[in-house]
Amino acid sequence: MNHHPADEVLQSFAQGELGDHLAAHTARHIDSCPRCANRALALDPMARAFASVDDPPVPPSLLAELLEAAAKPEVAPAQESGAEAPDARPLGWAEIGVGGLLLTAAWATLWLDPGIANLPAVLRLGRATWATLRALGPSLDQVVLLGTWTALLTVMLVGARMLQRDGRRSLGGAR
Amino acid sequence: MLALRVHEGGVDEDERVAAAADGDPGARAWVVERWTPAIYRFALRMVGDEQDAHDIAQDTMLRVLRSLDRYDPTRPFSTWVFGITRNACIDEHRKRQHRAHDAVSEVVDTAPTPLQAVSREQRADQLHDALAALSPMYREVLVLYHFEHLKYTEIAEVLDLPLGTVMNRIFRARQRLRGIYEDRGIEP
C-alpha cells in the first residue's frame, strides 16, 4: 500500500470490518507508518482505555537480582548445562565439504587400489566387501559413482537440516 | 492524546545484543535493564499476580541470558523475548488451571458498579478487570499491541501465526473487550 488509507478504511480496520486480505494489507501499512498507526488508534474507542493506564512499577529487587545473576559466568550461554543447554553446534558448510571429500577419498581408495597391504581389520572387511561387489560385474562402477554421490548428498542434507533446525529454534525453540 | 507508537530496535540494540551473546558484562546488564521491565509488565498483565509475574520475569530473563547464542539476529529481539515470556505465562496459566481456586475466575465473577466519573486509577482497574475476563489468547494480543507497542507483524512472529489470523484475533479481542465494557456500563 503506497498511499495512506482513508479514515473510513481505518475505521473499518479498527472495528474488524475489513476482509482478511485487506486487513492484513492495512496492518502492514500501519506497521510502517506511525501517522496511520496513530490515526487508527484514535478511531478505536478501546484504545483510549489503554492509553489511560500507566505502566506498573518493576520491583527494584527483581532488577537487582537479575543484574547480579547476569554478572555470573554460570548464566552465560557457554556455561549452560542441563535441560536448557544449547544443542550441539550445527555443522558448517566447510565441515560438510571436508566430510564429503573424506568419504569420496575413502571410496576412491578402495576402488582404485583394493589390494592395499596391511589393512586394519575394519578396512579388510571393507576390501573384501568391495572385491565381492566388483566380482559381480562392470556395472559396479556405476554403483560406486552412485554411492559416492549418495553419501555426499546425505552429508550435505543432514548439515542443511541441522542449520535449518537451529534457525527455527532461534525464534521459538527457547520458549 | 494517544501516545505515539515508538518501535524499539535498530543497530544499537543489535550490537548490544550481539555483545551480550559474546559475554560482554556491560551488554548483558543492558539486556537486563532494558528488557526486564517489559517482561515483568507483560507477565503481570497476563497472570494478574505480582509474585507470579516476578517469578516469570526472573525465570524468563535468566533463560534469555542463557539462550542469547540461539537468538537469530535477522529477527526482532523483542519478538524473541516476548515469545519466551509468553510461553512462561502459558505454563503458569496451565498450573493455575490445576489449582482449586483460580485467581482469574475470581476476577471474572466480579461485577464492578458502573461509574459516571472515575479516576485514572479506577480506569486502570476497570481495564485490568476486563482484560482478566478475556481468554488468554485474546488478552495477550491486546497487551502486546496496546501496552508493549509491538507491530502487528511482530505479534504474528511472537505467536508464530499468519498475520491474517492475528488480525482476526485482535479484532475479536477488541469486540469482546468492548462487549465487557458495555455489559458493565463502563465507558472506555
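Keep in mind it's a predicted model, so treat the numbers as computed, not measured.

### Some remarks on the overall build of chain B
Then, in step 1: A tally of regular secondary structure across chain B gives nine helices and zero strands.
Then, in step 2: Of the regular secondary structure in chain B, the N- to C-terminal order runs α-α-α-α-α-α-α-α-α.
Then, in step 3: Residue burial in chain B is summarised as follows: out of 188 residues, 50% are buried.
Then, in step 4: Of the accessible surface of chain B, which amounts to about 8800 Å², a share of 47% is contributed by carbon and sulfur atoms.

### Side note on the overall build of chain A
Then, in step 1: Broken down by element type, chain A carries eight helices and zero strands.
Then, in step 2: The order of helices and strands in chain A, counted from the N terminus, is α-α-α-α-α-α-α-α.
Then, in step 3: With 175 residues in all, chain A has 31% of them scored as buried.
Then, in step 4: In chain A, 57% of the contacts between residues at least 6 apart in sequence involve partners at least 24 apart.
Then, in step 5: For chain A, the exposed surface amounts to about 10500 Å²; the carbon and sulfur share of it is 64%.

### Some points on the confidence of the model for chain B
All names here are of chain B.
Then, in step 1: For chain B, per-residue confidence averages 84 on the pLDDT scale, and 84% of positions sit at 70 or higher.
Then, in step 2: A low-confidence stretch, residues 1–7 (pLDDT under 50), is modelled with 20 contacts involving residues beyond four sequence positions or located in other chains.
Then, in step 3: Ignoring residues within four places in sequence, the model shows residues 103–117, a span with pLDDT below 50, making 18 contacts including any to other chains.
Then, in step 4: In the predicted assembly, ipTM is 0.75 and pTM is 0.63.

### Quick look at a negative patch on the surface
Residue and element names in this part refer to chain B.
Then, in step 1: A cluster of acidic side chains, namely D49, E50, D55 and D59, defines a negative patch on the protein surface.
Then, in step 2: Its place among the elements puts D49 in the loop between α2 (25–47) and α3 (50–66).
Then, in step 3: The class of D49 is partly exposed, set by a relative accessible area of 30%.

### A closer look at helix α1 (residues 7–14) of chain A
Then, in step 1: Residues of α1(A) that are buried: A:L10, A:S12, A:F13 and A:A14.
Then, in step 2: Close packing links the buried residues of α1(A) with α2 (20–32) and α3 (34–43) of chain A together with α8 (152–159) and α9 (163–183) of chain B.
Then, in step 3: Of the residues trailing α1(A), A:G16 is marked for its positive phi of about 75 degrees.

### Examining the interface of chain B and chain A
Then, in step 1: Between chain B and chain A, the residue contacts involve 62 residues of the former and 54 residues of the latter.
Then, in step 2: Taking both partners together, chain B and chain A bury about 5500 Å²; carbon and sulfur atoms supply 64% of that area.
Then, in step 3: Across the contact surface, chain B and chain A share three salt bridges.
Then, in step 4: Between B:R174 and A:D44 there is a salt bridge whose closest N-O contact spans 3.4 Å.
Then, in step 5: Put simply, chain B and chain A have seven residue pairs in polar contact (both at pLDDT 80 or more) between them.
Then, in step 6: Per-element accounting of the side of chain B that touches chain A gives the leading share, ten residues, to α2(B).
Then, in step 7: Grouping the constituent residues of the side of chain B that touches chain A by class yields 31 nonpolar, 13 polar and 18 charged.

### Observations concerning the packing of aromatic side chains
Each aromatic ring pair is specified by the distance between its two centres and by the angle formed by the two planes.
Residue and element names in this part refer to chain B.
Then, in step 1: On inspection of all chains with the given rule, the structure shows ten aromatic pairs over all chains.
Then, in step 2: Seen in terms of ring centroids, F77 and W80 are 5.6 Å apart; in terms of plane orientation they differ by 40 degrees. Their pairing is tilted. Taken together, the residues F77 and W80, both in helix α4 (residues 77–97) and three residues apart, mark about one turn of the helix. Here F77 and W80 have matching classes, each one buried.
Then, in step 3: Taking 4.3 Å as the distance between ring centres and 10 degrees as the angle between the ring planes, the aromatic pair formed by Y145 and Y152 counts as stacked. Each member of the pair, Y145 together with Y152, is buried.
Then, in step 4: Here the aromatic residues W35, F42, Y71, F77, W80 and F82 are joined through ring pairs into a cluster of three or more.
Then, in step 5: Geometry around W35 places R34 over its ring, the cationic atom sitting 4.0 Å from the centre.

### Section: the side chain of B:T79
Then, in step 1: Locating B:T79 in the fold gives a position in helix α4.
Then, in step 2: Looking at B:T79, its side chain comes within polar contact range of the main-chain oxygen of B:P76, at 2.8 Å.

About the criteria used
Every chain is numbered independently, its residues counted from 1 as its sequence is written. Lettering for chains starts from A, numbering for ligands starts from 1, and both go in the order in which the items are written. For a predicted model such as this one, the threshold for reporting local features is a pLDDT of at least 70, and the threshold for listing and counting side-chain atom pairs is 80 or more; totals across whole chains, interfaces and linings nevertheless cover every residue. Only hydrogens and water are set aside when side-chain values are computed; all heavy atoms of the structure are taken into account. For the purposes of this entry, the term helix denotes a DSSP run of H or I that reaches at least four residues, the term strand denotes a run of E that reaches at least two, and both are numbered from the N terminus. Throughout, exposure labels follow a simple rule: accessible area from a 1.4 Å probe, protein chains only, divided by the maximum for the residue type, with under 20% read as buried, over 50% as exposed, and the rest as partly exposed. Computed with a 1.4 Å probe, the accessible areas rest on the Shrake-Rupley method; for each residue, only the protein chains presented here act as cover. By definition in these notes, contact holds between two residues if any of their heavy atoms fall within 4.5 Å. The predictor rates its confidence in each residue with pLDDT, a number between 0 and 100. Only residues above 30% relative accessible area that lack a salt bridge enter a patch, with like-charged residues linked at up to 9 Å and the nonpolar side chains Val, Leu, Ile, Met, Phe, Trp and Tyr linked at up to 5 Å. Every case where a carboxyl oxygen of Asp or Glu lies within 4 Å of a side-chain nitrogen of Lys or Arg is listed as a salt bridge. Under this rule, positive means Lys or Arg and negative means Asp or Glu; His and the chain ends count for nothing. Lys charges are placed at NZ, Arg charges at CZ, Asp charges at CG and Glu charges at CD. Accessible surface is computed with a 1.4 Å probe, and the buried area is the amount of it that two parts give up when combined, taken over both parts together. Counting of polar contacts relies on pairs of N or O atoms within 3.5 Å, with two restrictions inside protein: one atom must be capable of donating a hydrogen and the other of accepting it, and residues adjacent in sequence are counted only when both atoms are side-chain atoms. In this classification, the charged set is Asp, Glu, Lys and Arg, the nonpolar set is Ala, Val, Leu, Ile, Met, Phe, Trp, Tyr, Cys and Pro, and all remaining amino acids, among them Gly, are polar. Each aromatic pair joins two rings of Phe, Tyr and Trp (for Trp, the six-membered one) with centres within 6.5 Å, and gets the label stacked for planes under 30 degrees apart, edge-to-face for over 60, and tilted for any other angle. Placement of a charge over a ring requires the Lys NZ or Arg CZ to be within 6 Å of the ring centre, with the centre-to-atom vector within 35 degrees of the ring normal.

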